[in-house]
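Topology and contacts: notes
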Amino acid sequence: MSVLILRLKGAQQSWGTSSRYRTREAGTEPSKSGVLGLLAAAQGRGRDAELTDLVDLEFGVRTDQPGRLLVDYHTARRPGAKNSALSSRHYLVDAAYTAAVSGPDELIEGLAEAIDSPRFPLYLGRRACPAPVDLLGGVEAGDDVEALLRDVVVAPWLASDWYREKATKTVHLPLARDARPGEVGETTQDVPLSFDPRHRLYDARAVVRPEPVVVENPLGSETEDLFFQTVKEG
């Protein structure tokens with residue numbers, strides 16, 4: 001078994017799982033459906049391709065830099081239409097996440113090669129959010145995504161210097177991962193069964209949020225406002 005590391009860092013990203021009608025949400029962290037869609041695109045899979053092998057991968061993500069919310073008031077008009085379609089599209093700006101997926105060695109190695117030389121363009125959730133050139137963070141032996149995300153030597157903290165300077169000297173990085181047998185977690189509807197635009201279909205998964213990863217931040221400043229820092233990191 002192996003673990004694939006992904007650096008999800010860019011000017012904009014959007015991973016909403018509950019967008020409806022005129023509001024397209026961004027989510028608070030990368031979704032499993034969004035990351036698996038990125039991997040499928042890297043391999044050149046069609047929208048109607050089988051996804052079972054990707055769905056079976058264990059998924060986890062660490063929030064390295066939460067970013068801020070940007071709301072874009074969007075208008076579009078089809079040729080011949082009298083009125084424009086209006087929508088509010090949400091994006092996460094200046095956010096950074098480290099994601100990890102674990103699975104069989106051959107599949108993980110194939111995904112790493114595809115990320116390094118993708119068949120289709122890769123995006124951080126939406127087409128307006130191109131993936132970074134250093135998206136591939138490497139492949140490590142093992143099957144525990146949480147253990148890997150806790151290791152900031154193997155999976156370094158991706159926060160920018162300006163963010164580190166505004167943070168405290170000790171920073172807590174939130175974690176989220178697939179629940180394992182016997183664990184109880186929050187339910188999220190983001191397991192892709194089909195990306196076919198004619199009948200997109202998603203299943204639910206349970207997500208657990210373990211204790212955050214604690215990192216030392218030499219560029220940080222001292223603070224006595226623990227409440228403000230907790231809210232900021234949350």
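Residues numbered from 1 in each chain as written. Predicted model: local features only at pLDDT ≥ 70, side-chain atom pairs only at ≥ 80, totals over all residues. Heavy atoms only, no water.

**Observations regarding the pairing of strand 6 (residues 85-93)**
Looking at chain direction, strand 2 (residues 12-13) and strand 6 are connected through two bridges and run antiparallel. Following the sheet pairing, Gln12 is matched in strand 6 by Val93. Bridging between strand 3 (residues 23-24) and strand 6 involves two bridges; their strand directions are parallel. Looking at the pairing, Thr23 lines up with Ser88 of strand 6. Direction of pairing for strand 5 (residues 68-76) relative to strand 6: antiparallel, over a ladder of nine bridges. Looking at the pairing, Arg68 lines up with Val93 of strand 6. (Pairing = 2+ DSSP bridges. Helix = DSSP H or I, 4+ residues; strand = E, 2+ residues; numbered from the N terminus.)

**Brief notes about a negative patch on the surface**
Judged by side-chain charge, Asp105, Glu106, Glu109, Glu113 and Asp116 come together as a negatively charged surface patch. For Asp105, a relative accessible area of 39% corresponds to the partly exposed category. (Patch = residues over 30% accessible without salt bridge, like charges linked within 9 Å, V, L, I, M, F, W, Y side chains within 5 Å. Areas by Shrake-Rupley, 256 points an atom, 1.4 Å probe, with all protein chains shown as cover. Salt bridge = Lys/Arg side-chain N within 4 Å of Asp/Glu carboxyl O. Lys, Arg positive; Asp, Glu negative; His and termini not counted. Charge placed at Lys NZ, Arg CZ, Asp CG, Glu CD. Buried < 20%, exposed > 50% of the residue type's maximum accessible area, 1.4 Å probe, protein only.)

**Digging into the pattern of salt bridges**
Opposite charge on two side chains permits them to pair, given that their charged atoms come into close proximity. If you walk through the whole model with that rule in mind, you get 13 salt bridges. Two residues, Glu58 and Arg180, come together in a salt bridge whose shortest N-O distance is 2.8 Å. With Glu58 in strand 4 (residues 58-65) and Arg180 in the loop between strand 10 (175-178) and strand 11 (186-194), this residue pair connects regions lying 122 residues apart in the sequence. In this structure, the salt-bridge partner of Arg62 is Asp64, at a minimum N-O distance of 2.6 Å. Residue classification places Asp64 among the buried residues on the basis of a relative accessible area of 1%. Through salt bridges with shared partners, a single network forms among Lys32, Asp178, Asp190 and Arg205.

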